[in-house]
Amino acid sequence: MEIRISLRLTHLVALTLLLSLFPILTNDLPAAFACKKPPASPISLTSWARTGGPAIKLTVAPTGELPTHFLWATSLYNKINKKWEPWSAWKKFTISKNRKNLIYQSKLTSKYSQISFVSYAGNTCGRSGTIQLRVPLKSSSQLTLLPPQIASSLPLSLSSISLNYFDPDYLGIPILVTSQTPSICTTDLTKNVLSLLAPGSCKIRLSENSKLVSTPNPDISFQFNILENPVVLPETTQDRTDDIQGFQIHVVYVTVRDAPSNDFYNSGDINNWVALAQEWLYEQIGKRLIFDTFQGSLDVSTLKSNYLTSDLSHGNGATEIIDGEEVADSLPKLANEFNQANGGGKVGKNLFFIVDANLDPRYCGWGKMPGALALGYLGEGRCWQGSSSYLGVGLKINYMSDTIIHELLHNFGVAHVCIDQSDIMIGNSCPDSLVRKGAVTIDTTHTRYVGGSLSGANILSLKVWSDGTGERHIPLPDVCYMGELCIFPTKYWSTNAQLLDLQESVGGNWITLATFTAYKDPNPPGAYPYTYDVKLMPTSIGVHTYRYRLQPTAAWNEYLDTPFVITVPY
Ligand SMILES: [Zn+2]
């Protein structure tokens, strides 16, 4: 007897063996009777009282020939040696008018964690098929239902969820899942799934009371949101006309020469990942980011990169330091390719590349901090493992949506946060002991980056949200914004004797915009201590060429510094 199958499965098998020759079982069982066939397998119900272990009740099947007896045996799982004890001898239970149900009450011990119970029914014509069930040797309080630890938003394209995911503790007893919104989602017991039928709120009830088990534990309700199928625009290499002016995040789907495409754009996965990232942010902080859209739908460009995976991988060729980590120069490489396909760079737009290749098995993405470039990729089956990854079991967010948010927050100037095990900004610069665990959170202290800026930036102060809030745009080198004080490059000089003019090249002439006085920096980065606080409000959108001019004095000549360019995108 080595075959051990689950309670649910066993029962289904037993039901298929039923023969309905005797359609109704009367209350008066004859003490002896002539039979033509063996009886059907007994029916079992495992129940828990408030205290004590499971009680297994066998009753006569409602159809088929009547049995004269049940035979049953048990085995216990020894959790100390991690093995099943030998089966007990078969025990016989004779069925009579006054003894129709066998009740086996198990005992709880510290040594055993499960009981396997096997039984069959018999009469003078033979015996039924065997039923076997395996239940935990736990009290009902140890079987209390918990809410499923899955994402609170899921895409309609997921189409079904295995019912096993609604038993987060693997309690080992069948849990009855019932939909309370059957037009949105419905259970399919033959496939053991919850089918997703339509967008909306799917409400389900989980119960430990069914034909197979009964506990005194209360049912629990659980609900999640099913997102409608995204509109996937026709594939293009171009950035389409923008719906809005100003800051936005443009998504680029990248395939490389040496990795097969998973076609994540046409499958709708990219749109889903972005939509689910937005839903998660909205649930956590009540805000959504501004993504580039065309006629209301996510505007994604595709880029068939000429690079190989290794060209874009960590540690290959020139590297750059991002958030204290050395990563490949993949971001400027991809940005250059994208810009070439689009007739120049797009200052003021953040580019988020989703690369269909495993760039580095240790990460799922990286981003400049602060910056306008970031990427995510699939990892080695770590960051994405197909549609079941949408469930985000434990984390309550799928890892691709998680990566999109994490890397964009780096772009906004947020560093890794190593203070708990759930923060979305935990990164590999945190200690190894800080392993991601439990539902992902976003700065629960409201001091690090949501409401405070201890970790580099307060994302609520940035103008990156679809509700129009925020005071300033992402601070980027060589970029300034209308209505925000522009901080010009800081340079150091040997003397404070000269005034500094900020000049702009206008129609071939250098026009002085403002004049500044030097001050001494108490902690200069080099040998020269004098510097100027050059700040000015931009007066027009566009690409501006500036230079610094040091005014002549009796002792010093005029000095014209190298011109530099600052773009004001909006
Ligand atoms: Zn990071």
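This is a predicted model, so every value here is computed, not measured. (Residues numbered from 1 in each chain as written. Predicted model: local features only at pLDDT ≥ 70, side-chain atom pairs only at ≥ 80, totals over all residues.)

For the chain, the helix and strand inventory stands at 5 helices and 36 strands. In terms of overall dimensions, the chain is more spread out than a globule: its C-alpha atoms have a radius of gyration of 34 Å, far above the 25 Å expected for 570 residues. Taken over the C-alpha atoms alone, the chain extends approximately 130 × 50 × 40 Å along its principal axes. The proportion of buried residues among the 570 residues of the chain is 36%. Put simply, 65% of the contacts in the chain that link residues at least 6 apart link residues at least 24 apart. (Helix = DSSP H or I, 4+ residues; strand = E, 2+ residues; numbered from the N terminus. Rg over C-alpha atoms; globule rule 2.2 N^0.38 Å. Buried ≥ 20, exposed ≤ 12 C-beta atoms within 10 Å, placed from the backbone. Contact = placed C-beta atoms within 7 Å.)

One finds Val251, Phe352 and Val355 to be the most contacted residues of the largest nonpolar core, which totals 116 residues. Looking at this core element by element, the count peaks at 8 residues for helix H2 (residues 269-285). Among all residues touching valine 355, those that are not within four sequence positions of it are Val254, Val256, Leu312, Leu375 and Tyr377. Counting 6 residues, the second-largest nonpolar core is a separate cluster that includes Leu500, Leu502, Tyr532 and Leu550. (Core = buried A, V, L, I, M, F, W, Y, C linked by C-beta atoms within 7 Å.)

Moving on, we get to the domain arrangement of the chain. Domain parsing of the chain yields domain 1 (7-141), domain 2 (144-227), domain 3 (248-461) and domain 4 (486-568). Between domain 1 and domain 2, the contact holds 12 residues from the first and 11 residues from the second. Counting only elements with at least two residues in the side of domain 1 that touches domain 2, the list comes to helix H1 (7-16), strand E1 (43-47) and strand E9 (131-136). Of the residues contributing to the side of domain 1 that touches domain 2, the split by class is 5 nonpolar, 5 polar and 2 charged. (Domains from an automatic or database assignment. Nonpolar A, V, L, I, M, F, W, Y, C, P; charged D, E, K, R; others polar.)

The next subject is the sheet that holds E1. Spatially, E6-E2-E1-E16 is the arrangement adopted by the 4 strands of the open sheet, whose pairing is mixed. Looking at the sheet topology across the chains shown, the edges are occupied by strand E6 (102-105) and strand E16 (213-214). In this structure, E1 lies alongside E16, joined through 2 bridges in parallel fashion. Within the sheet, the bridge partner assigned to serine 47 lies in E16 and is serine 214. (Pairing = 2+ DSSP bridges.)

Counting buried positions along strand E24 (residues 349-355) gives 6 out of 7 residues, so the element sits mostly inside the fold. The sheet contact formed by strand E18 (residues 248-255) and E24 spans 7 bridges and is parallel. Each residue of the ladder has a partner; that of tyrosine 253, found in E24, is isoleucine 354.

Before going further, it helps to spend a moment on the sheet that holds strand E10 (residues 153-155). Taken in spatial order, the 4 strands line up as E10-E17-E15-E12 in an open sheet, and their pairing is mixed. Pairing within the sheet leaves two strands with one partner each, and these edge strands are E10 and strand E12 (176-179). Ignoring strand direction, the axes of neighbouring strands in this sheet form an average angle of 35°. Bridge count for strand E15 (residues 200-207) against strand E17 (residues 220-227) is 7 bridges, and the pairing is antiparallel. When the sheet's bridge partners are listed, isoleucine 204 is paired in E17 with phenylalanine 222. On the sheet, H2 packs against E10 and E17 and is oriented at approximately 165° with respect to E10. (Axes fitted to C-alpha atoms, helices over the stretch in contact; angles between N-to-C directions.)

Here we come to the packing of H2 against helix H5 (residues 399-411). Put simply, H2 and H5 touch, their axes get as near as 8 Å, and they point 70° apart. The angle between H2 and H5 places the two elements in the roughly perpendicular class. The handedness of the crossing between H2 and H5 is right-handed. Facing H2, whose interface residues are Trp273, Val274, Leu276, Ala277, Trp280 and Leu281, H5 presents Met400, Ser401, Ile404 and Ile405. Tallied by class, residues from the contact of H2 with H5 come to 9 nonpolar, 1 polar and no charged. (Parallel < 35°, antiparallel > 145°, perpendicular 65-115°, else oblique. Left-handed = near helix turned anticlockwise from the far one by under 90°.)

In a regular helix each residue adds 1.5 Å, so 17 residues correspond to 24 Å; H2 covers 24 Å between its end C-alpha atoms and thus fits that length. Judged by how many residues are buried, H2 sits mostly within the fold: 12 of 17 residues are covered. Trailing H2 by a residue or two, glycine 286 shows a phi angle of about 70°, which is positive. (Expected span 1.5 Å × (residues − 1).)

Its 13 residues place the ends of H5 18 Å apart at the C-alpha level, agreeing with the 18 Å of an ideal helix rising 1.5 Å per residue. Buried residues dominate H5, accounting for 13 of its 13 residues. Taken from the residues just after H5, glycine 413 is the one with a positive phi, measuring 105°.

Each regular strand carries side chains that alternate between the two faces of the sheet. Where burial is concerned, the two faces of strand E14 (residues 193-196) differ: the one with Leu194 and Leu196 is buried and the one with Val193 and Ser195 is not. Where strand E11 (residues 160-162) and E14 come together, 3 bridges link them in antiparallel fashion. Bridging from a neighbouring strand, isoleucine 161 pairs with leucine 194 of E14. In this structure, strand E13 (residues 185-188) lies alongside E14, joined through 4 bridges in antiparallel fashion. Within E14, the residue paired with threonine 187 across the bridge is leucine 194. Remark: 4 residues form the turn of the hairpin made by E13 and E14, two consecutive strands paired antiparallel; asparagine 192 in that turn has positive phi of roughly 55°.

Glancing now at the environment of valine 568. Looking at the secondary structure, you find valine 568 in strand E36 (residues 564-568). Using a count of 19 C-beta atoms within 10 Å as the deciding quantity, one classes valine 568 as partly exposed. Taking the C-alpha atoms as reference, valine 568 lies 32 Å from cysteine 364; in sequence the two are 204 residues apart.

Structurally, the position occupied by arginine 257 is in the loop between E18 and H2. A count of 12 C-beta atoms within 10 Å places arginine 257 in the exposed class.

This part covers unusual backbone geometry. Comment: phi is negative for the bulk of residues other than glycine, and the bulk of peptide bonds are trans. The step from methionine 369 to proline 370 runs through a cis peptide bond, and the omega angle for that step is -15°. Tracing the backbone through its elements, the reader meets proline 370 in the loop between strand E25 (365-367) and strand E26 (373-377). Unlike most non-glycine residues, aspartate 263 shows phi in positive territory, near 55°. Within the fold, aspartate 263 resides in the loop between E18 and H2.

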